[in-house]
Amino acid sequence: QVQLVESGGGTAQPGGSLRLSCAASTRFFMFNAMGWHRQAPGKERELVATITRSGRTNYAESVKGRFTISRDGAKSTVVLQMNSLKPEDTGVYYCSGGGPGEGIGAYWGQGTRVTVSS
């Protein structure tokens, strides 16, 4: 059973930074792609950023230039570096992943809360 565990959430002021990590219980190379999603209060979950096994990245328009997704295959960890945070970045952030033949939403973490407020 693949497990994903997020960490690094918390509170930041507008313009500040936070770094989220997602640790997988299995070796990273088993994943075709991993991603970060978020769900703001009263809104649907949205995709924030993805990274493939080859390192190709993709971002939601709302976070381009501010967020960076990266991976450390040796540590089976995916990181989301969030800079220039805005209040609208507030929400619960979830890590997900999928292996060969699976969608990126095959496995999910429990989520970590991010609050951006002055």
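Basis of the calculations
Residues numbered from 1 in each chain as written. Predicted model: local features only at pLDDT ≥ 70, side-chain atom pairs only at ≥ 80, totals over all residues. Heavy atoms only, no water. Pairing = 2+ DSSP bridges. Helix = DSSP H or I, 4+ residues; strand = E, 2+ residues; numbered from the N terminus. Axes fitted to C-alpha atoms, helices over the stretch in contact; angles between N-to-C directions. Salt bridge = Lys/Arg side-chain N within 4 Å of Asp/Glu carboxyl O. Buried < 20%, exposed > 50% of the residue type's maximum accessible area, 1.4 Å probe, protein only.

Asks: Would you explain the sheet that holds strand β8 (residues 77-82) in this entry?
Replies: The pairing of strands in a sheet happens through backbone hydrogen bonds and is either parallel or antiparallel. Reading across from one edge, β1-β3-β8-β7 is the order of the four strands in this open sheet, with antiparallel pairing throughout. The sheet terminates laterally at β1 (4-7) and β7 (67-72), the two strands that pair on one side only. Pairwise comparison of adjacent strand axes, ignoring direction, gives a mean angle of 15° for this sheet. Where β7 lies against β8, six bridges are found, and the strand directions are antiparallel. In the strand pairing of β8, I69 is matched with L80.

Asks: When you look at the pattern of salt bridges in this model, what are you seeing that I'm missing?
Replies: When the charged atoms of two side chains with opposite charge come close together, those side chains can pair. Enumeration according to the criterion identifies four salt bridges in this entry. E61 is the partner of K64 in a salt bridge, and the nearest nitrogen-oxygen pair spans 2.8 Å. In this structure K64 comes out as partly exposed when scored by relative accessible area, which is 43%. According to the relative accessible area criterion, E61 is exposed, its value standing at 63%. Between R66 and D89 there is a salt bridge whose closest N-O contact spans 2.8 Å. Taken together, the residues R66 in the loop between β6 (57-59) and β7 and D89 in the loop between β8 and β9 (91-98) connect sequence positions 23 residues apart. Each member of the pair, R66 as well as D89, carries the same accessibility label: buried. Beyond isolated ion pairs, a larger network of salt bridges with shared partners links R38, E46, R66 and D89.

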